[in-house]
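# Descriptive structure summary
Here are the chains, one letter per residue:
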Amino acid sequence: MNYRLVKPSPEELEELRTIASLQFHGVGREFIPDDIMIAYSPTTYRIRAIYHQGKLLATLRANDYKLILRIWGGIRLNNILEKPLLRVMVSNKYSKFISEGGNVFCKHVVFMDPNIRPHDEVLVVDEEWNLIAVGKALLPGWITTLFNRGEAVRVRESIGSGSVIK
């Protein structure tokens, strides 16, 4: 994305915080600080991406205006959000596979926030609560640990995907 980054207006900042609060359990003000930069879509002139200190936190999906987490936004949210909200905990046995970009399957899941619904943005963590990936839940949290087959989370970006250097 070669967008020109600009400082959001106070109204845009409040709109983004409201969206984040609705989507991420009320932590919109903490997730989106005052010093963010935004990028607009060149065709629709709507907000397309949110950056903080040069790092992409999230993008806004055009059709429903939901925030789509990127790994830096996941790191930020993992530090802000109370445990176990929006978390999918995977076995340490599979964490390397997932941190390198593999999807989360039901057999990998040790614990999943029971309030997660399909298509929610989730934080994939290891057994020590360290973030290893962000993605989209495909199953409800309350039922995922009952299955041994099938995909639970489609990973969008992971710690080992090259965008984050440990």
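## Here we look at the overall build of the protein
Looking only at helices and strands, the protein features 5 helices and 11 strands. In terms of overall dimensions, the protein has a C-alpha envelope of 45 × 30 × 30 Å along the principal axes. Within the protein, buried positions represent 48% of all 166 residues. Sequence separation of at least 24 residues holds for 54% of the intrachain contacts in the protein that already meet a minimum separation of 6. Put simply, the protein shows about 8,700 Å² of open surface, and 52% of that area lies on carbon and sulfur atoms. Here the protein contributes 22 positive and 18 negative side-chain charges, whose respective centroids are spaced 5 Å apart.

## As for the packing of aromatic side chains
Summed over all chains, the structure comprises 1 aromatic pair. Geometrically, the ring pair formed by F24 and F31 is edge-to-face, given 5.5 Å between the ring centres and 70° between the ring planes. For the residue pair F24 and F31, the accessibility class agrees, reading buried in each case. The aromatic ring of Y65 is capped on one face by R46, whose charged end is 4.5 Å from the ring centroid. Above the face of the W72 ring, K55 is positioned so that its terminal group lies 4.2 Å from the ring centre.

## Points about the pairing of strand β11 (residues 151-158)
In terms of strand pairing, strand β7 (residues 104-105) meets β11 through 2 bridges, oriented antiparallel. Bridge pairing links F105 to E151 in β11. Here 5 bridges tie strand β10 (residues 131-137) to β11, and the two strands are oriented antiparallel to one another. Pairing of A137 across the sheet is with V153, part of β11.

## Observations concerning the pattern of salt bridges
Applying the stated criterion to the full structure yields 8 salt bridges. The salt bridge partner of K96 is E100, with a shortest N-O separation of 2.4 Å. Residue K96 is classed as exposed on the basis of its relative accessible area of 57%. Residues R156 and E121 are paired through a salt bridge, measuring 2.7 Å at the closest nitrogen-oxygen approach. Taken together, the positions of R156 in strand β11 and E121 in strand β9 (residues 121-125) put the pair 35 residues apart, joining distant regions of the chain. R156 gets classed as partly exposed once you look at its relative accessible area, which sits at 28%. On the basis of relative accessibility, which here comes to 5%, the residue E121 falls in the buried class.

Reading the values: rules and limits
- Residues numbered from 1 in each chain as written.
- Predicted model: local features only at pLDDT ≥ 70, side-chain atom pairs only at ≥ 80, totals over all residues.
- Heavy atoms only, no water.
- Helix = DSSP H or I, 4+ residues; strand = E, 2+ residues; numbered from the N terminus.
- Buried < 20%, exposed > 50% of the residue type's maximum accessible area, 1.4 Å probe, protein only.
- Contact = heavy atoms within 4.5 Å.
- Areas by Shrake-Rupley, 256 points an atom, 1.4 Å probe, with all protein chains shown as cover.
- Lys, Arg positive; Asp, Glu negative; His and termini not counted.
- Charge placed at Lys NZ, Arg CZ, Asp CG, Glu CD.
- Phe/Tyr/Trp six-rings, centres within 6.5 Å; stacked < 30°, edge-to-face > 60°.
- Lys NZ or Arg CZ within 6 Å of the ring centre and 35° of its normal.
- Pairing = 2+ DSSP bridges.
- Salt bridge = Lys/Arg side-chain N within 4 Å of Asp/Glu carboxyl O.

Everything listed here is a matter of geometry and, on its own, says nothing about what the molecule does.
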